[in-house]
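# Structural features, examined
Given next are the chains, with one letter for each unit.
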Amino acid sequence: YRSVDTQRAWSFETLEPRLPLAGVPGLVPMGAQPSGTLDGKIVYTSGGHGWQWNDNLGRWATDRGNLLSMVEDFGNQDQMSYYADYLLRAGATVVPMRPVGRQASEVVLDNDSPGVTWSGAWGNNTVGPRWYDEDYGAVTDAVKYRFATVNSTSETAVATYTPNIPAAGFYPVYAWASMGTNRTDQLYRIHHTGGETQVTIDHRRVGNGWVYLGTFHFDAGSSPSDGSVQISNKSSGGGSVVIADSIRFGNGMGDLPWGANGIGTGNVSGYPREDEDSLVWLWRGVGQSSSFSSPSAIIGTSNVSAPILMAAQMNANSNPYGTSVYVSFHSNATTGDPNTATSRGAIGLISAADPTPNQSSLAASMGRQL
């Protein structure tokens, strides 16, 4: 609401929950790359359950009910949102397996979308092998993504993604680019109402899914100066090309049909994406490829295993040990007696059948920290 009189103008925006405010000045210096003890690390994280189709009930339902004055499905997403921004401000590359924060509006710009402009020399990729399509393949993209040659000393090519923001507010921002051995430590410049924040993603190590760039405030409308993301070809990190594919502003409303005949049929949930389970978000984030016809080939159809399978897809097998970690967490409402020891504390769940070498140590360390 805006009221103007002869002396001053007041502007009010609806208060929004679940906002750790990644782009607020003072938390991350304007014009700078977030840096800290997690520089160079990739953290994949997942935050529990959400709305999903329930065959027994014949409708969309939460995985857990209202127990002890909470619905676990939503509390986990709240906690994951804060965790994602703590990681980002400590310098990590953050890959959430469920949307961060709460923003029911969204604008997704693909490389061929209006609102994307180009300067310098960019080539067209017409074959893939992996790319993002904003309409999920409904209309075949002639150009899968664009690329530019890396310049280690100066910026000679820039792609600018300028959305038409539907309403002023805080928007989580994500980047989608295919992974490859010829990629580089790619610079993303986020221009928002607080200034500019820089985030670099090494797409030799991570890609083929949504990577979190942070949560920032944007005014309504279209403004390259304070409402855009730029992809630069300047990089001293090696490699030979930068990739410009897709940028997402906001999470939006769920749009994946699901019903008695499986995913892809039936009705959409009618809920914000962040309240749906990880499987739904990941199903829409897998992207396109000539080597598979359905996301089920990549992540299956189970919310339990989908985040793990997606992390494995997005993480390069060549990454040195210690570069990447996958941390999924739940804050389980319990049916036990809250006065007994068995109902309290942290439980680290690990794989008995196929554990990673240091899985037990990680679970024990996190348990002690909690």
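Residues numbered from 1 in each chain as written. Predicted model: local features only at pLDDT ≥ 70, side-chain atom pairs only at ≥ 80, totals over all residues. Heavy atoms only, no water.

## A word on the overall build of the protein
On a plain count of helices and strands, the protein comes out with five helices and 25 strands. Among the 370 residues that make up the protein, the fraction classed as buried is 46%. Within the protein, contacts between residues at least 6 apart in sequence are counted, and of these 74% link residues at least 24 apart. For the protein, the accessible surface area stands at approximately 17100 Å², while carbon and sulfur atoms represent 52% of it. (Helix = DSSP H or I, 4+ residues; strand = E, 2+ residues; numbered from the N terminus. Buried < 20%, exposed > 50% of the residue type's maximum accessible area, 1.4 Å probe, protein only. Contact = heavy atoms within 4.5 Å. Areas by Shrake-Rupley, 256 points an atom, 1.4 Å probe, with all protein chains shown as cover.)

## Examining helix 2 (residues 278-285)
Along helix 2, eight of the eight residues are buried, which leaves the element largely enclosed by surrounding structure. Gly287 sits one or two positions beyond helix 2 and adopts a positive phi of about 90°.

## Observations regarding unusual backbone geometry
With omega at 20°, the peptide bond leading from Gly128 into Pro129 counts as cis. Inspection of the secondary structure puts Pro129 in the loop between strand 11 (123-125) and strand 12 (130-131). At Tyr136, a residue that is not glycine, the phi angle is positive and equals roughly 60°. Of note, Tyr136 is situated in the loop between strand 12 and strand 13 (145-149). Backbone geometry at Asn208 places phi at a positive 65°, although glycine is not the residue there. Among the structural elements, Asn208 can be located in the loop between strand 17 (195-202) and strand 18 (210-218).

## Focus on the sheet that holds strand 14 (residues 158-161)
With antiparallel pairing, five strands are arranged side by side in an open sheet as 10-14-19-16-17. The open sheet has two edge strands, strand 10 (116-119) and strand 17, and neither has a second partner. Averaged over all adjacent pairs, the angle separating strand axes in this sheet is 20°, with direction ignored. Across four bridges, the pairing between strand 10 and strand 14 is antiparallel. The residue bridging Val116 from the neighbouring strand is Tyr161, located in strand 14. (Pairing = 2+ DSSP bridges. Axes fitted to C-alpha atoms, helices over the stretch in contact; angles between N-to-C directions.)

## A short note on the pattern of salt bridges
In the structure shown here, the tally under the stated rule is ten salt bridges. Note that Arg273 is salt-bridged to Asp255, the shortest N-O span being 3.1 Å. Here Arg273 is found in the loop between strand 23 (262-263) and helix 2, whereas its partner Asp255 is found in the loop between strand 21 (246-250) and strand 22 (258-259), with 18 residues between them in sequence. Take Asp255: its relative accessible area is 26%, and that puts it in the partly exposed class. Salt bridges sharing partners connect three or more residues here, namely Glu106, Arg248, Asp255, Arg273 and Arg284. (Salt bridge = Lys/Arg side-chain N within 4 Å of Asp/Glu carboxyl O.)

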